[in-house]
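A look at the structure
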Amino acid sequence: MRARPEGPALLDTACEVLREQVLPALPAAQRHALLMVINAVETAARQMSAGEAPAQAELAALAGLNGHGHDDLVQANRQLVGRIRSGQADPGTPGHDAVLAHLRTVTRQRLVESSPKTLAGG
């Protein structure tokens, strides 16, 4: 058993210390760099908390859209991109609505991980 708190909570604590204690002490020219680091650490913590479920759900959805499964998320997305570029998901085509729904779902998940305040505000 791991000691408590675990990874995401530790990263949250580290970000809190950086934001509340280190950031105010930095010269203005260095604050942006620290804010980028804090954002990256917070994103990593949210990804750790979510685990593999979002990637597995995306892979399963891509298997349905592409007509066959892949073991590699990058390859599955490349195949979908190829279909989009070739016009197979244009408005009026049979796959348009499913592709659009998929892209909205994936975008929302990425915002949950990288910029949750964006979703909370809208």
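Residues numbered from 1 in each chain as written. Predicted model: local features only at pLDDT ≥ 70, side-chain atom pairs only at ≥ 80, totals over all residues. Heavy atoms only, no water.

Right, let's talk about helix α5 (residues 96–114) for a bit. In this model, α5 (19 residues) spans 27 Å end to end at C-alpha, consistent with the 27 Å of a helix rising 1.5 Å per residue. Regarding α5, the residues found buried are H96, V99, H102, V106 and E113. Looking straight down α5, one finds that the buried residues subtend no more than 130 degrees of arc, so they occupy a single side. Turned more than 90 degrees off the buried face of α5, the exposed positions are D97, R104, T105 and R108. Where α5 is buried, its residues touch α2 (28–50), α3 (53–66) and α4 (73–85). (Helix = DSSP H or I, 4+ residues; strand = E, 2+ residues; numbered from the N terminus. Expected span 1.5 Å × (residues − 1). Buried < 20%, exposed > 50% of the residue type's maximum accessible area, 1.4 Å probe, protein only. Arc of directions from axis to C-beta. Contact = heavy atoms within 4.5 Å.)

Okay, α2 next. Between its terminal C-alpha atoms α2 stretches 34 Å, which fits the 33 Å expected from 23 residues at 1.5 Å a residue. Restricting attention to buried positions, one finds in α2 the residues L34, I38, T43 and A45. Lining the buried residues of α2 we find α1 (7–22) and α5. Positive backbone phi, at 70 degrees, marks G51, one or two positions downstream of α2.

Keep in mind that these numbers describe shape and distance, not what the molecule does.
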